[in-house]
2 protein chains.
Amino acid sequence: MGFAFDASTEAPVAVNDAPPKTSDQTRASAVATAGKKKSRRVHQAATAESMAAKQRDISVSEFFAKNRHLLGFDNPRKALLTAIKEAVDNALDACEEAHILPTVTVFIESCPGSENKFRVTVKDNGPGIVSKQVPNIFARLLYGSKFHTLKMSRGQQGIGISAAGMYGLLTTGEPVEIITRTTPKKPAIHYHVQIDTMRNQPDVILDQECEFDLPTGTSVTITLEGRYQKGRQSVDEYLAQTAMANPHATIIFRTPDGNTVEYPRQTDELPFIPIEIKPHPYGVELGVLFKMARESSTKKLRDFLRQDFSRVSERLAEEICKKAKLSVNLKPEKLTLKEAEKLYESINSTKLVAPPTDCIGPIGEEKLIEGLKRVVEAEFYSSCTRKPAVYRGNPFIVEAALAFGCKNGNGNGNGNDEDKDPLMRLVRFANRVPLLYQQSACATYKAVLETNWRNYGLSQSKGALPAGSLLLMVHIASVWVPFTSESKEAVAHYPEIVKEIKLAIQECGRKLGIHVRRQKRIREEMVKRGYIETYLPHIGEALRDILSLKETQVQTLVEKLKVTLEHSRKL
Amino acid sequence: MGFAFDASTEAPVAVNDAPPKTSDQTRASAVATAGKKKSRRVHQAATAESMAAKQRDISVSEFFAKNRHLLGFDNPRKALLTAIKEAVDNALDACEEAHILPTVTVFIESCPGSENKFRVTVKDNGPGIVSKQVPNIFARLLYGSKFHTLKMSRGQQGIGISAAGMYGLLTTGEPVEIITRTTPKKPAIHYHVQIDTMRNQPDVILDQECEFDLPTGTSVTITLEGRYQKGRQSVDEYLAQTAMANPHATIIFRTPDGNTVEYPRQTDELPFIPIEIKPHPYGVELGVLFKMARESSTKKLRDFLRQDFSRVSERLAEEICKKAKLSVNLKPEKLTLKEAEKLYESINSTKLVAPPTDCIGPIGEEKLIEGLKRVVEAEFYSSCTRKPAVYRGNPFIVEAALAFGCKNGNGNGNGNDEDKDPLMRLVRFANRVPLLYQQSACATYKAVLETNWRNYGLSQSKGALPAGSLLLMVHIASVWVPFTSESKEAVAHYPEIVKEIKLAIQECGRKLGIHVRRQKRIREEMVKRGYIETYLPHIGEALRDILSLKETQVQTLVEKLKVTLEHSRKL
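The rules behind each value
Residues numbered from 1 in each chain as written. Chains lettered and ligands numbered in written order. Predicted model: local features only at pLDDT ≥ 70, side-chain atom pairs only at ≥ 80, totals over all residues. Heavy atoms only, no water. Contact = heavy atoms within 4.5 Å. Buried area = accessible area lost by both parts, 1.4 Å probe. Salt bridge = Lys/Arg side-chain N within 4 Å of Asp/Glu carboxyl O. Polar contact = N/O pair within 3.5 Å; in protein donor to acceptor, adjacent residues only side chain to side chain. Nonpolar A, V, L, I, M, F, W, Y, C, P; charged D, E, K, R; others polar. Pairing = 2+ DSSP bridges. Helix = DSSP H or I, 4+ residues; strand = E, 2+ residues; numbered from the N terminus. Axes fitted to C-alpha atoms, helices over the stretch in contact; angles between N-to-C directions.

S.K.: How do you make sense of the interface of chain A and chain B when you look at a structure like this?
M.R.: By a widely used convention, the size of an interface equals the accessible area lost when the partners come together. Every contact between the two is made by 147 residues of chain A and, on the other side, 146 residues of chain B. Both sides of the chain A and chain B interface together cover about 12400 Å² of buried area, and 56% of this is carbon and sulfur. When residues of chain A are sorted by the area they lose upon contact with chain B, Ile58(A), Lys66(A) and Lys462(A) head the list and together hold 6% of the total. Across the chain A-chain B interface, the total number found is 8 salt bridges. In this structure, the salt-bridge partner of Glu285(A) is Arg68(B), at a minimum N-O distance of 2.6 Å. Where chain A packs against chain B, one counts 27 residue pairs in polar contact (both at pLDDT 80 or more). By residue class, the composition of the side of chain A that touches chain B is 69 nonpolar, 43 polar and 35 charged. Where strand β1 (residues 56-57) of chain A and strand β4 (residues 143-144) of chain B come together, 2 bridges link them in antiparallel fashion. Paired with Arg56(A) across the bridge in β4(B) is Gly144(B).

Structural data, given as structure tokens:
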């Protein structure tokens with residue numbers, strides 16, 4: 001299927017001068033048919049009117065179809081991973097919301113006759129999806145339940161799974177197939193839907209009842225152009241890391257070559273279940289505050305502050321109004337911009353408690369190390385879960401865990417020839433989801449680079465990761481993880497977040513430094529002890545000869561000397 | 001205005017156990033008012049129905065308001081830059097489309113009484129904007145003329161300027177002010193518009209005629225929260241680099257402290273004016289092909305191929321149809337998915353000429369070096385403009401230019417204490433627009449890291465940029481630059497693009513290597529020559545004494561020796 005030309009080396013294309021013949025012909029005929037003047041084709045200046053004629057709406061699906069690398073569909077291998085990732089994220093979220101221990105099955109089947117066409121199915125035992133929501137959820141961008149909710153979840157944008165379906169449609173023309181069942185009392189329903197990219201609306205192609213082997217749950221199948229390949233940034237690695245961060249989930253994976261990999265549940269305890277919160281006043285900007293007030297369902301300014309925000313008590317609401325010289329009974333919808341400004345200033349000069357943090361949950365220091373141990377065997381582990389912090393009013397928690405002296409390298413080498421001096425391997429998670437791409441764009445990478453690893457006994461070149469057989473895992477949990485793109489591969493450089501990551505790393509690093517220095521001392525000690533063991537008998541013999549001692553006296557002397565010598569140094 | 005708590009160090013917030021009291025109170029009252037059961041608040045399992053009730057549409061402006069770091073509005077300093085960048089990009093695009101030599105004025109005024117509030121105005125002498133388009137262009141996301149057009153331009157998404165206006169509205173509540181005039185025969189119009197983020201629609205607040213000091217042109221003013229600071233990644237640097245890549249534009253900049261910086265036009269010649277092209281068949285995927293056929297205005301398959309694509313002649317269209325076993329007279333709108341598959345395979349097994357490249361224009365090798373010379377004084381320059389290449393059917397050109405041995409460092413140091421051993425400074429452009437953020441996420445960065453700079457006589461640590469006093473400039477021009485996010489700060493890692501960048505860098509690098517090695521030889525030579533100059537007279541004296549020569553004989557001998565010695569080595 002390779003293209004028949006290689007433009008970069010031998011394209012017979014003239015640059016910057018008259019268009020070559022083939023092009024001219026095409027154009028001439030195109031112009032003739034379209035009935036336009038030929039002159040439009042060659043550098044005619046635009047006017048405000050000619051430009052206005054071209055201005056129009058861009059549908060959000062058209063936008064993402066053209067920009068699909070923003071969604072993680074840059075190339076076939078990554079596309080396969082992204083589609084699975086979006087479906088698995090949704091499956092885990094749905095199960096946890098319904099307090100069900102998740103069992104997620106991922107199938108990848110090759111399509112006969114086409115080496116780069118795959119059918120991907122992700123099936124879960126979640127609560128199922130209400131029939132009339134299916135088309136919107138799977139074939140409409142920017143539709144979902146998590147965007148308007150302030151609590152930790154894997155999905156947040158209402159884009160992912162519809163984008164995967166859209167990519168499948170664009171590359172194979174096939175619709176998304178969904179089977180879902182919300183109660184054992186009713187049969188499952190079977191849908192075929194596809195997105196109409198011009199309108200960003202779902203087209204329903206099939207809608208009928210069907211059999212399903214689970215009492216409740218959802219199965220989604222996407223046919224797409226992809227490439228299945230193991231190794232770094234593979235589906236295999238993603239599922240392994242997902243299992244590591246989600247010990248409460250069973251994950252079963254059937255590869256295209258017919259193998260089955262199973263990650264059984266490690267614990268029957270559901271993880272921390274986050275609770276939705278209201279926005280914290282400190283995170284709200286003037287324009288947003290103004291808009292919230294005007295759209296509030298409350299009738300009085302005091303109630304608006306108390307009810308539409310977290311951490312504002314009646315007393316604080318009154319204090320804020322008083323400081324802003326506004327009546328507590330002012331109708332929020334009548335607020336003017338000037339009044340909003342005063343309110344904004346008053347809020348930001350009032351002492352408020354940090355936002356509630358029951359909306360986010362860490363993995364925990366112990367579980368982090370357990371997770372690491374499942375991945376690498378190392379001589380030293382450390383971990384750190386920071387206290388919650390806040391960026392733009394959103395609570396977040398950073399955790400880090402470190403494995404040093406990994407046996408068989410840290411997995412950062414390139415497989416065949418063992419890398420003798422590898423750089424640190426960085427493993428990143430956001431809301432328990434592994435991030436496999438765009439490492440160098442991530443706040444974690446920035447934080448690692450800005451940490452002075454020499455302090456902890458490691459070597460580090462300027463502008464590079466530290467060297468050594470170590471693996472660093474960083475987890476960021478937040479009600480709203482600020483990703484650098486819709487594909488959710490890297491965390492944006494908010495200063496508060498970078499700072500917290502650094503603090504978590506430093507905590508792990510300090511423990512590592514103690515270990516590394518102690519190791520170094522032990523090594524030196526061993527060398528010195530070796531000397532003592534080697535030379536002491538000779539000294540004994542020499543002393544015997546000089547002082548004419550008996551054998552027993554020599555032994556006692558040597559023993560004493562050894563103790564004294566070893567005592568004079570600290571281990 | 002600083003917040004009254006620092007959650008990261010002393011937040012009195014309980015984690016993971018019962019919600020603290022304040023929160024409970026807020027919740028209880030919120031729940032009472034909303035008339036819902038309190039139990040919903042504490043970990044109640046969701047059902048398919050309760051989840052369905054929360055699923056809803058997300059407006060594209062809500063999405064970007066929450067994700068505004070995707071648009072480049074992460075922090076006040078970057079926000080100021082991004083707003084100006086979007087307005088200047090539009091101004092330059094509009095002037096060039098209308099074949100007008102651009103004169104762009106940028107004003108930043110501090111707002112009295114608020115240290116981080118600014119009024120930013122960007123004024124151009126372009127063709128102006130048709131009155132009825134103004135609200136949509138400035139207060140509606142995903143609206144514009146460039147998205148559906150395949151030719152090189154700075155803007156491409158229909159997001160930028162409306163996003164800047166939205167950020168201004170969110171942070172200050174102020175609308176966007178526009179004055180525009182499309183003809184000297186009519187007065188200018190003055191608009192105040194703001195985006196309704198819930199509907200992604202413009203609200204017009206003011207619409208009246210007014211005075212304007214230019215015959216045609218546009219002036220846009222945004223009031224926003226920002227921070228003005230010189231140095232790296234500043235507005236100053238952005239405008240300096242813009243001037244460097246756009247010698248045909250005059251740029252005038254008034255800073256908030258009342259200074260004026262002017263970059264006068266360097267040439268009265270308009271740059272290469274790109275021509276719009278049709279998509280190339282190789283870049284079109286099955287699903288897209290299927291959709292294009294069904295929506296085509298043509299009546300016959302042959303005409304569809306000829307007219308809706310570039311590089312398909314009548315003969316080729318017939319060949320493609322024949323190979324796909326489809327009639328040339330088939331109605332495109334009747335095409336089935338199966339037929340589209342056959343057509344797709346047939347297209348991709350047919351030899352086609354690379355796409356036309358009059359849609360993109362390079363800066364050019366000479367102009368690149370001129371540009372570099374304006375920025376750094378160096379001992380060596382080289383540049384390379386590659387031939388056009390293609391990714392996903394989109395033509396693109398890569399250019400690179402290099403300055404080595406920069407006097408006063410490469411500008412990569414941290415100002416005060418001169419960095420003795422700086423890393424390379426990388427300066428990136430896409431369609432003549434400087435890219436100041438997200439360097440490490442960019443395809444150019446990847447290409448630089450994957451180039452072996454030791455081959456060219458430089459030192460380079462693993463995973464880091466090469467060290468040395470050098471500056472590398474890379475320009476990517478394309479009909480559609482694949483940025484890693486909507487803020488257009490870094491280019492995605494398409495393999496074709498990374499490859500071309502590497503080839504361009506290698507070309508510059510080879511020339512650099514020759515220079516570096518020659519310099520090294522010259523240095524060694526100088527040392528050796530120094531030895532000769534120093535010792536030859538002594539050898540002369542010694543020979544005179546040994547052989548009893550006359551003074552003139554000694555001089556001749558020394559001269560001959562010197563010539564022989566120097567001749568025996570090559571410079």
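S.K.: Can you walk me through the sheet that holds strand β10 (residues 260-263) of chain B in this structure?
M.R.: Backbone-to-backbone hydrogen bonds join strands into a sheet, with any given pair of strands oriented parallel or antiparallel. All names here are of chain B. Taking strand neighbours across the sheet as the criterion, the 8 strands line up as β7-β6-β5-β8-β3-β2-β9-β10 in an open arrangement whose pairing is mixed. Every other strand in the sheet has two partners, leaving β7 (201-210) and β10 as the edge strands with one partner each. Geometrically, the sheet is characterised by an average inter-axis angle of 15 degrees between neighbouring strands, direction not taken into account. Sheet topology note: the strand β2 (residues 103-110)/strand β3 (residues 117-124) ladder contains 7 bridges and is antiparallel. Bridge pairing links phenylalanine 107 to threonine 121 in β3. Packing of helix α7 (residues 160-172) onto the sheet brings it into contact with β3, β5 (176-181), β6 (188-196) and β8 (217-225), and relative to β8 it is tilted by some 35 degrees.

S.K.: Explain the sheet that holds strand β8 (residues 217-225) of chain A here, please?
M.R.: Residue and element names in this part refer to chain A. Across the sheet, 8 strands lie side by side as β7-β6-β5-β8-β3-β2-β9-β10; this open sheet has mixed pairing. Each edge of the open sheet carries a strand with a single partner, namely β7 (201-210) and β10 (260-263). For this sheet, the mean angle separating the axes of adjacent strands, direction not counted, is 15 degrees. Pairing between strand β6 (residues 188-196) and β7: 9 bridges, direction antiparallel. For isoleucine 189, the partnering residue across the bridge sits in β7 and is glutamate 209.

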